[in-house]
Amino acid sequence: MDRYNLRDNIVSHEKVEDIRFGYIEDISKVDKIFTVRTNEGVHHAKTVVLATGGNPPQIPDMPVEGTEAVTHAMQLKEMPSPRVRAKLDARLSANIVVVGGGLTSAQLADLAIRRGVTKVWLLMRGPLKVKPFDVGLEWVGKFRNFEQAAFWTTDSVEERWEMIKTARNGGSITPPYKKILERHVSTGRLCLLQNTTIKEKKWDTVSKTWSVSLSGGSQTLPRIDHIYFATGVQSDFECLPFLQTMCSDYPIESCGGLPCITENMAWRDDVPLFIAGRLAALQLGPGAPNLIGARIGAERIAWSIQDVLGAKESGNDGGDAGKRRFDYLTGRGSRYDALAEVM
Ligand SMILES: Cc1cc2nc3c(=O)[nH]c(=O)nc-3n(C[C@H](O)[C@H](O)[C@H](O)COP(=O)(O)OP(=O)(O)OC[C@H]3O[C@@H](n4cnc5c(N)ncnc54)[C@H](O)[C@@H]3O)c2cc1C
């Protein structure tokens, strides 16, 4: 894999394969530190932040044959695929299936139609849900503190997990995309099938197309050239290969596949491995996989790292002046102290 450094030691394109926490003879005999092994080498750190989103995308019932004609939305490189493009260029008809009930599925269906695909079948396992945002506005709008307060004062992680599931309630699309889909349905380019799943798909090696049968069997599809899965990703930290060592050396509870991290966003009180994003939902709430969760998580983690590393390391000017500058920039204490310094 190529290695891209924006600036040495700041951003590095590497794949994390294992994380360990312990004493290391030559480097840290007194305090435990992390050893992060990647495809490029080994790094040591006093704290580690995990912001890896969800689990890697997985195609449900991944076929053995015809893998070139199935794509997960998160691995999409082009739309339509080269084979579908070649058919369209040769003025042949091409049909695709998009699976999923979220905004990504609607965007893929629309894009395919705009790029000339003859017909798109959009399959949703539940009913079409229309919402301005993928979590209820009460979780991301102006008055979100009410919901957040209720979330933070719950008695158990199970209760939090229930709140997360209720707030997200599966995939949904936005009102503007509902209109776009309706327009495509009215022109006959899109067939939207709700409460429908793929029962069976068979690959024909000669025509290089799929024969797809649906649950309920009410609809018969023509030969399908490509199937797109906009089915999201799982959040199951215990399945992540790079967390296997941490799970066995420092086991923690889980709920709904999410790690029960501490209020400080750490793996455990004695393990400063901080978790951000989707996997931190039991602390951040239903907005964890979205930008609102990223923002709140980053803030809470920055505070926690500051506590772990101590003001001395973070005040880059050193001494009182450095600490006051740090407090000013992080919004700690009284900002007037820093102003007094300037005057
Ligand atoms: C189509 C689409 C549209 C969206 N639109 C919105 C929106 O409008 N507003 C909104 O709030 N949210 C939106 N989201 C949700 C969006 O994914 C999040 O807001 C945001 O990307 C979450 O950031 P993150 O850093 O937590 O995770 P991610 O963006 O998923 O980043 C995780 C990163 O970790 C890397 N990684 C994983 N494993 C490893 C490993 N072992 N080693 C090294 N690196 C690893 C991944 O390659 C990835 O780069 C959208 C999502 C999708 C799919």
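Residues numbered from 1 in each chain as written. Predicted model: local features only at pLDDT ≥ 70, side-chain atom pairs only at ≥ 80, totals over all residues. Heavy atoms only, no water.

Student: Looking at this model, I keep getting lost on the sheet that holds strand E8 (residues 190-193). Mind explaining?
Tutor: By way of backbone hydrogen bonds, the strands of a sheet pair with one another, either parallel or antiparallel. Strands sit in the order E5-E11-E6-E7-E8 across an open sheet of 5 strands; the sheet is parallel. At either margin of the open sheet sits one strand with a lone partner, and together these are strand E5 (70-72) and E8. Averaged over neighbouring strand pairs, the angle between their axes works out to 15° when direction is ignored. Across 3 bridges, E5 lies against strand E11 (residues 226-229) in parallel orientation. Following the sheet pairing, Val 70 is matched in E11 by Ile 227. (Pairing = 2+ DSSP bridges. Helix = DSSP H or I, 4+ residues; strand = E, 2+ residues; numbered from the N terminus. Axes fitted to C-alpha atoms, helices over the stretch in contact; angles between N-to-C directions.)

Student: How do you make sense of the site of the ligand when you look at a structure like this?
Tutor: As a structural note, the neighbourhood of the ligand is formed by 13 residues, with Val 16, Ala 51, Pro 289, Asn 290 and Leu 291 the closest of them. Here a nitrogen atom of the ligand and a backbone polar atom of Val 16 are 2.8 Å apart. The side chain of Asn 290 places a nitrogen or oxygen atom 3.2 Å from a nitrogen atom of the ligand. In isolation the ligand exposes 980 Å². Once the protein is present, 49% of that is buried. A per-class count over the shell around the ligand returns 6 nonpolar, 5 polar and 2 charged. (Near = heavy atom within 4 Å. Polar contact = N/O pair within 3.5 Å; in protein donor to acceptor, adjacent residues only side chain to side chain. Areas by Shrake-Rupley, 256 points an atom, 1.4 Å probe, with all protein chains shown as cover. Nonpolar A, V, L, I, M, F, W, Y, C, P; charged D, E, K, R; others polar.)

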